[in-house]
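# Overview (structure and organization)
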Amino acid sequence: MIVIRVALPVPLRQHFDYLVAKHLVPAVGCRVLVPFGSRQLVGIVWQVAPDNSFAINKLKTVINVIDQQPVLPPLLRNLLSFAAEYYHYPLGEVLISALPALLREGRNLADYQPLAYRLTPAGKILESSVLRRAKQQHALWQALQQSDLTESMLLQQFSRAILNQLLKKELVAAYPVPPVPFAAPDSLAKGLQLTPNQALAVTAINQAKGRFERFLIEGVTGSGKTEVYLQCIAGLLMTQQQVLVIVPEIGLTPQTLARFQARFDLPILCWHSALTDSERLHCWQQAATGAAAIIIGTRSALFLPFMKLGLIIIDEEHDQSLKQQDGFSYHARDLAIKRAALEHCPIVLGSATPSLESLYNADSQRFIHLDLPDRATGHKLPQFKLVDLKQQVLQFGLADISLAHIRKQLSLGQQVMLFLNRRGFAPALSCQECGWLTECHRCSAFTTYHKQSRQLICHHCGASKAIPRQCGDCGSTQLIPLGQGTEQLEQNLQTLFPDTAITRLDRDSTRRKGALHSALDDIHSPGARLIVGTQMLAKGHHFPNVSLVVIVDVDGALYSSDFRAPEQLAQLLTQVAGRAGRGGSQGTVLLQTQYPEHSLLQDIIQNGYAAFARSALLERKHTQLPPYQYLALFRAEAHDTNHCQQWLTQLADLVHNMPQLQLLGPIPSPLERRAGKYRWQLQLYSINRTVLHNALDTLLAQLLSWPLTRKVKWQLDVDPIDLS
Ligand SMILES: Nc1ncnc2c1ncn2[C@@H]1O[C@H](COP(=O)(O)OP(=O)(O)OP(=O)(O)O)[C@@H](O)[C@H]1O
Ligand SMILES: [Zn+2]
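We now turn to the structure provided with this report. Nothing here was measured: the structure is a model prediction, and the numbers come from that model. (Residues numbered from 1 in each chain as written. Chains lettered and ligands numbered in written order. Predicted model: local features only at pLDDT ≥ 70, side-chain atom pairs only at ≥ 80, totals over all residues.)

## Quick word on the overall build of the protein
The helix and strand inventory of the protein stands at 20 helices and 30 strands. Taken over C-alpha atoms, the radius of gyration comes to 28 Å for the protein, in line with the 27 Å a tight globule of 724 residues would show. The burial tally for the protein puts 42% of its 724 residues in the buried class. In the protein, of all internal contacts separated by at least 6 residues, the share reaching a separation of at least 24 is 75%. (Helix = DSSP H or I, 4+ residues; strand = E, 2+ residues; numbered from the N terminus. Rg over C-alpha atoms; globule rule 2.2 N^0.38 Å. Buried ≥ 20, exposed ≤ 12 C-beta atoms within 10 Å, placed from the backbone. Contact = placed C-beta atoms within 7 Å.)

## Some remarks on unusual backbone geometry
Along the chain, Pro626 connects to Pro627 via a cis peptide bond; the corresponding omega equals 10°. Checked against the element boundaries, Pro627 lands in the loop between α18 (599-623) and β27 (630-638). Going from Gly665 to Pro666, the amide bond is cis rather than trans, its omega being 5°. With respect to the element layout, Pro666 can be found in strand β28 (residues 662-674). Here Arg454, not a glycine, exhibits a phi torsion of approximately 50°, which is positive. With respect to the helices and strands, the residue Arg454 is situated in the loop between β19 (448-450) and β20 (455-457). The backbone phi angle of Ala675 is positive, close to 50°, even though this residue is not glycine. By the element assignment, Ala675 lies in the loop between β28 and β29 (677-686).

## A short note on the environment of Ala291
Within the secondary structure, Ala291 sits in the loop between α11 (277-288) and β12 (294-297). As a C-alpha pair, Ala291 and Leu269 span 22 residues in sequence and 10.0 Å in three-dimensional space.

## Some details on the sheet that holds strand β21 (residues 464-465)
Here we have three strands laid out as an open sheet, ordered β19-β20-β21, and antiparallel in their pairing. Two strands close off the open sheet at either side, each with one partner strand: β19 and β21. As paired elements, β20 and β21 share two bridges and run antiparallel to each other. The residue of β21 that forms the bridge with Leu456 is Lys465. (Pairing = 2+ DSSP bridges.)

## What about helix α13 (residues 356-363)?
The set of residues buried in α13 consists of Leu356, Glu357, Ser358, Leu359 and Ala362. Buried residues in α13 make contact with β9 (213-219), β14 (346-351), β15 (368-372), α17 (565-577) and α18. Of the residues one or two after α13, Gln365 is the one with positive phi, at around 65°.

## Observations regarding the packing of helix α1 (residues 74-86) against helix α12 (residues 332-343)
Packing of α1 against α12 leaves a shortest axis separation of 10 Å and a crossing angle of 145°. Both α1 and α12 take part in a crossing whose hand is right-handed. Counting all contacts with α1, which are made through Leu75, Asn78, Leu79, Phe82 and Ala83, the residues of α12 involved are Leu335, Lys338, Arg339, Leu342 and Glu343. Tallied by class, residues from the contact of α1 with α12 come to six nonpolar, one polar and three charged. (Axes fitted to C-alpha atoms, helices over the stretch in contact; angles between N-to-C directions. Left-handed = near helix turned anticlockwise from the far one by under 90°. Nonpolar A, V, L, I, M, F, W, Y, C, P; charged D, E, K, R; others polar.)

Below, the structure is given as structure tokens:
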């Protein structure tokens, strides 16, 4: 028997030793099934025959060696163990979370060979007239007469239902096809004639082929960053190298996919949370075997295995969704940079509104800064106008001047976008008699009134309940919606503009499968139209017919205590505004506010994001906030608020004596209660990254043994983005 050390998905920060028969010893990176207490767990072999093994007579034996070949190749193991160390998260959990669900469950890879389809002998001799009435089936039957089709190719054109019909009739049969690397094309479709700035960017990135280099493209909205990506990618595909493109939102994958597919006739796959388990495994296999040329995915695509990765692109690199919030709270941008270093390939971060972190890295020469200051089409950037809401009579939250602008653009056949970052009908219901508001009984927050679904929903914990008939305080039945969300704005706009089509784009309106697709199709069809939506609208969409953007209300964000709030608001405003005037004459952006004199609004309007960001960075320097100091955050949640406070105080007491470390807290989190639990936090700052991480190691070594640790739900967030 031989001892192997296994990483298991348990919250303990250690590995576990097991015995395995000599002739079965798996390679490092293979999965094994092992007994663990009363359970059986799938783990990853991390070491074979460690020299400091546990007493052999006490070890249990591996139940099953699942893989012949490692599912985690050395490079990924390297990346993941770096990540576990950097984010101070248990390695076993990090390793397992990088695998698709079916592999986590211990399924055998060989059972999931990709399939191809061909006609059966009966299918080959079928009379064409037999399928005359079933048009789709006939089309598929014809396509298969030309050549066999792999499952992914087939499903791009035909539905699974159609395929199943032909399988049932035994006209078509499936057979497994081991994936093979994609074939480099002899030639590729020519791209657009690049602007001089685009050409400079493409040349710089191409020159970095085959070595680690970091680029930041700071390109205004509509500057043609995507065209730069496409032309850089083209060169790599010719040499059979794969490309990973990370986008912030699942909502952006269809649009990006369509643009990429229009350019490259090669296997391009998407990776996101809406895939089924077997689709995920398929994507994982296609990446690992080199069959996929390009993968477009959300943040966890970063952990896919690639046969030969030649370039990583992070689009909208400033986006907060690149950072995972719960549990293993990694930042996909930062880990992607590590991955590029391991792969010896260039990485390109792109945004119209780069994060202050990335601008800081560009300013200090860590990143090569590529500037695209103009729109590629030659169209001008939109013009901002402030609409002072003070002393104005509003109709449904819209000033007269805003309404006049909207009318004018609609009469010209243009589209108008109204941005309101609040979904639902109203942020709360209020009692007209006593002012009582509908609150979530589990969170320190109001519950949003959703009229369509006739519910009050808490946007923090997700709890929903029926609409009350009476005030919870005085019993009055006069309950009215307070404030306006997108659902209400849509309804009000329909009253004001009864003959105009309206499309709403938010998390509620796009929940149904296919709803997002059809909403985007509506927007892309020409003609006058109103588009209402939340930040979903802001992200990377190219709507050429939008000439006017109305920002209905962002005042709530102007006075936030979070030091990142100004940066995030500036990014949001610039991104939303950037949807205007992409297709023709200069667009207009109307920003409605009670505070037109506010310095952030003035700065954005007069000087633009680039200038704002530089002055914001200077301010961070003066106040010694990230990126000028490193930050780590301990969060604690418990039903008893004292437990949180005491636990964090115990941590703080340990840190007080450490040099080069500053503390903020323990303080209650801005959202003090969520899902019935009180929330506190402790912020640790240091100018020295090593000092901070050593301190975290010391704290973790101690806190695991405290009795109080079992009474709180805690999380350590390194480089936190969200301080709520
Ligand atoms: N060199 C070029 N010549 C002409 N048109 C171009 C060129 N490059 C890009 N475009 C066009 O400009 C428009 C905007 O490009 P694209 O969407 O790539 O910009 P972007 O920088 O990615 O925008 P955003 O950051 O706002 O998402 C597209 O319609 C694209 O086809
Ligand atoms: Zn709640």
